[in-house]
Amino acid sequence: MSDLQNAPVHPAAPDAAPLRIVVADDQDLVRSGFRLILQSYEGIKVVGEARDGAEAVELARLLTPDVVLMDIRMPCKNGIDATHDITSDPALSGVHVLILTTFDLDEYVYDALSAGASGFLLKDAEPDEIVEAVRVVARGDALIQPSVMRRLVETFAAARPFVARRGGQALSALTEREREILLLVARGLGNDEIAAHLVISPATVKTHLARVMQKLDAHDRAQLVICAYEAGLVKPGAAG
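Here's what I pulled together on the structure shown here. (Residues numbered from 1 in each chain as written. Predicted model: local features only at pLDDT ≥ 70, side-chain atom pairs only at ≥ 80, totals over all residues. Heavy atoms only, no water.)

## Remarks on the sheet that holds strand S4 (residues 96–101)
The strand order S2-S1-S3-S4-S5 describes an open sheet built from five strands, whose pairing is parallel. The two strands at the open ends of the sheet, each matched to only one other strand, are strand S2 (44–50) and strand S5 (119–122). Each adjacent strand pair in this sheet contributes to an overall mean axis angle of 25°, direction not counted. Here strand S1 (residues 19–24) runs beside strand S3 (residues 67–71); their pairing, made up of four bridges, is parallel. The residue of S3 that forms the bridge with Val23 is Leu69. Sheet strands touched by helix H3 (residues 79–87): S3 and S4. Its angle to S3, the strand with the most contacts, is close to 160°. Seen against the sheet, helix H5 (residues 127–138) touches S1, S2, S3, S4 and S5 and runs at an angle of roughly 150° to S4. (Pairing = 2+ DSSP bridges. Helix = DSSP H or I, 4+ residues; strand = E, 2+ residues; numbered from the N terminus. Axes fitted to C-alpha atoms, helices over the stretch in contact; angles between N-to-C directions. Contact = heavy atoms within 4.5 Å.)

Written out as structure tokens, the structure reads:
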């Protein structure tokens, strides 16, 4: 978070509405740092700051931002519970949560992703990385690359008792092809790789993925991977 004052100003697309961001962290310095970084880039506007999870949920409902940058460890309501409250609210379906963490394998990151977060961001990330992360999540994409997501899930799912939160009933609603695609997503393949593996078009893969997300009530690719592990479709250590 150094050299905040020197962060470059990057132009946004002409006539594009600015991305509206809420920053939630209990440390004043961290919130100020992210606000300075984000607002030094065109096309991004920090519309609110929250000191705890309860405030983050309140601001999300009041302001309906595009992205909430959410710390995990906060008073009153932690970032995991706040993430769940936001992502489970139908009125906030357009609000995406990006988790802030100090360590890339924070044990709570798995829980946050399972609660509906679209990815995670290290607090010491470079300004360009922070802004790119916000833009990726705002588009509705998962921030974490599939291989990193797989490593994260395997690390913590292996250490926990199996809990099928979406479970066999949800998977039973999938067609054979949809289950096949979900398995490939969980193994870390991107859309083009899945298309090549199944000898179908990337557009067809996207169509199947949209149906899988709808049936499993998943917001993005990160949650699909979690669904696959939690439902036992993929066992920790078996991917790759």
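## Some remarks on the environment of Ala112
The topology assignment puts Ala112 in helix H4 (residues 107–114). Along the chain, Ala112 and Asp81 lie 31 residues apart, while their C-alpha atoms are 8.1 Å from each other. With residues up to four places along the chain from it excluded, the contact list for Ala112 reads Ile80, Thr83, Ile99 and Ala117.

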